[in-house]
Amino acid sequence: MSFGETPITLVGNLTDDPELKFTEGGAALAKFTVAVTPRTFDRTSNAWKDGTTAFYRCAAWRTLAEHIADSLKKGSRVVANGRMRQHDWTNEQGEKRSMLAVEIDDIGASVRFTTVTINAKRTGQNTPAGDDPWATGNSSGGAAADAEPPF
C-alpha cells in the first residue's frame with residue numbers, strides 16, 4: 001500500500017456471483033459487490049436491529065481474481081481487505097462522473113456463521129516442491145523423517 005491510500009476492511013456478503021473478465025493483455029479481473037449491514041443491539045426492545053446497508057463495488061486482479069471467481073458466489077460472507085480508489089470519467093452526454101470502488105488485496109470466507117473447507121493449493125512462482133505446503137524443497141532425503149522442521 002502506498003502513502004496516502006485509504007485502507008478498508010469489509011465484512012459482508014456478495015450480492016451476486018463474481019464477474020470474471022480478462023483484459024486484452026490477458027490479466028484476469030474479478031468484479032463484485034459486497035453488501036455491509038451494521039447491526040446494533042437495542043436494549044429498549046431487547047433485539048438486534050439492522051442499520052442501513054452499504055454496497056461496495058470491488059475489483060481484484062490476476063490470480064486473486066481467478067481464485068475469487070472459483071471460490072465465492074452470491075451470498076458468500078467474506079472478510080476483504082483493500083484500498084479505496086476513485087474513478088473519474090465523462091459519460092456520453094459530456095457529464096463528469098465519479099465513483100469510489102475498493103481494489104481488493106486479500107479476501108477470505110468468513111467462518112463466523114458457517115464452516116468452510118479450504119483447498120490449500122499454492123499457485124505462483126513461490127510454490128514449494130510437490131503438493132506439500134510445508135515442503136522445504138529438499139527432496140534428496142538427506143534429513144531424517146522425524147527431523148524438526150527448518151523454522
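Our subject is the structure that appears above.
What you see is a predicted model; the values in this text were computed from it and never measured.

Draft legend 1. Expanded view of the nonpolar core. Counting residues in hydrophobic clusters, the biggest one holds 18 residues, and the most contacted among them are F32, I104 and I107. It is strand 3 (residues 28–36) that provides the largest number of residues to this core, a total of four residues. For F32, the residues in contact, after removing those within four places along its chain, are L14, P18, Y56, R57, C58, I68, I104 and I107.

Draft legend 2. Quick look at the layout of surface pockets. The volume enclosed by the largest pocket comes to roughly 770 Å³. Around the largest pocket, the lining is made up of 24 residues, and of these H67, S71, I107, I118 and N119 lie nearest the centre. Mapped by element, the contributors of at least two residues to the lining of the largest pocket are helix 1 (62–71) and strand 8 (96–109). Among the residues forming the lining of the largest pocket, the class breakdown is eight nonpolar, 10 polar and six charged.

Draft legend 3. Quick peek at the pairing of strand 1 (residues 6–14). Judged from the eight bridges that link them, strand 1 and strand 7 (residues 77–90) form a sheet pairing that is antiparallel. Across the sheet, residue V11 finds its bridge partner in strand 7, namely V79. Bridge count for strand 1 against strand 3 is two bridges, and the pairing is antiparallel. Along strand 3, the bridge assignment pairs L14 with V34.

Calculation notes
- Residues numbered from 1 in each chain as written.
- Predicted model: local features only at pLDDT ≥ 70, side-chain atom pairs only at ≥ 80, totals over all residues.
- Heavy atoms only, no water.
- Core = buried A, V, L, I, M, F, W, Y, C linked by side-chain atoms within 4.5 Å.
- Buried < 20%, exposed > 50% of the residue type's maximum accessible area, 1.4 Å probe, protein only.
- Helix = DSSP H or I, 4+ residues; strand = E, 2+ residues; numbered from the N terminus.
- Contact = heavy atoms within 4.5 Å.
- 1 Å grid on protein atoms, 1.4 Å probe; cavity = no way out; pocket = protein on both sides within 12 Å on 5 of 7 lines; lining within 4 Å.
- Points joined across faces, edges and corners; volume = space filled by probe spheres on them.
- Nonpolar A, V, L, I, M, F, W, Y, C, P; charged D, E, K, R; others polar.
- Pairing = 2+ DSSP bridges.

Coordinates in, geometry out; function isn't part of it.
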